[in-house]
Amino acid sequence: MKIAVGSDEATHLTSHVVAELLRRGHELCLMGALAEGCDPSWPAVGRAVGQSVASGGCEQGVVFCYTGTGVSIAANKTPGVRAALCTDAQTADGARRWNDANVLAMSLRSTSPDEAVEILDAWFSAPHGDADDVRMIDMLREMDPPRKG
């Protein structure tokens, strides 16, 4: 799977998650402070990852900032993005299962490397939701403004 990964800081956690995603066989598109010449501000990181996912350039996204909140807000400004700030595996499972989230946000401050692996395990193994969940995701898609062209 091709995954966009961005952060406003390069830290031990971001290095750990990048290495873990590569170990799992994913192709990565690094953004923000994780790539040369990219704007590392959290709004720019959220926008870049969100646009990469919404355009189909990447299938999923992972974003980081100090709390994880800013990048998730910024990513969610892109129509078609459903970014979820996940602090544990159960939240990640629910975000994928019930909300069909396509961008995972994590806090640089409060996520340990071990917790990040648990979150990734849940994110990538969560089954699709039932028909009612699909109906609710369709309702969310209807709320998206028309894409510019």
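Computed from a predicted structure; not experimentally measured.

Participant: Please give an account of the overall build of the protein chain that cites residues and values.
Facilitator: In terms of helices and strands, the protein chain carries six helices and five strands. Walking the protein chain from its N terminus toward its C terminus, one meets helices and strands in the order β-α-β-α-β-α-β-α-β-α-α. The principal-axis extent of the C-alpha atoms belonging to the protein chain is close to 40 × 35 × 25 Å. Burial analysis of the protein chain (149 residues in total) assigns 45% to the buried set. Contacts in the protein chain between residues far apart in sequence, at least 24 positions, make up 69% of those at least 6 positions apart.

Participant: Kindly report on the pairing of strand S2 (residues 27-32), identifying the contributing residues and their values.
Facilitator: Both strand S1 (residues 2-7) and S2 contribute to a ladder of six bridges, which runs parallel. Bridge pairing links Gly-6 to Met-31 in S2. Assessed by its sense of winding, the connection that carries the chain from S1 through helix H1 (residues 12-23) to S2 is right-handed.

Participant: Go over the pattern of salt bridges, please, and point to the residues and values.
Facilitator: Tallying each qualifying case throughout the model produces six salt bridges. The salt bridge involving Glu-20 is made with Arg-23; its shortest N-O contact spans 2.6 Å. Here Arg-23 and Glu-20 lie together in helix H1, a separation of three residues that amounts to about one turn. Its relative accessible area of 10% is what places Glu-20 among the buried residues. Relative accessible area serves as the criterion here: at 61%, Arg-23 is assigned to the exposed category. When the shortest N-O distance is used, the salt bridge between Asp-121 and Arg-24 registers 2.5 Å. Linking Asp-121 in helix H5 (residues 113-125) with Arg-24 in the loop between H1 and S2, this pair joins segments that are 97 residues apart in sequence. Given the relative accessible area of 36%, Asp-121 is considered partly exposed. Salt bridges linked by common partners bring Glu-20, Arg-23, Arg-24 and Asp-121 together as one network.

Participant: Mind laying out the sheet that holds S2, listing which residues take part and the relevant values?
Facilitator: One open sheet accounts for five strands, arranged S2-S1-S3-S5-S4; its pairing is parallel. If you trace the sheet from one side to the other, it starts and ends with S2 and strand S4 (83-85), each paired once. Averaged over all neighbouring strand pairs, the angle between strand axes comes to 20 degrees, with direction disregarded. Of the strand pairs in this sheet, S1 and strand S3 (residues 60-65) are connected by five bridges, and their pairing is parallel. Considered in S3, the bridge of Ile-3 is made with Gln-60.

Cut-offs and rules
Residues numbered from 1 in each chain as written. Predicted model: local features only at pLDDT ≥ 70, side-chain atom pairs only at ≥ 80, totals over all residues. Heavy atoms only, no water. Helix = DSSP H or I, 4+ residues; strand = E, 2+ residues; numbered from the N terminus. Buried < 20%, exposed > 50% of the residue type's maximum accessible area, 1.4 Å probe, protein only. Contact = heavy atoms within 4.5 Å. Pairing = 2+ DSSP bridges. Right-handed = clockwise from strand over helix to strand, strands pointing away. Salt bridge = Lys/Arg side-chain N within 4 Å of Asp/Glu carboxyl O. Axes fitted to C-alpha atoms, helices over the stretch in contact; angles between N-to-C directions.

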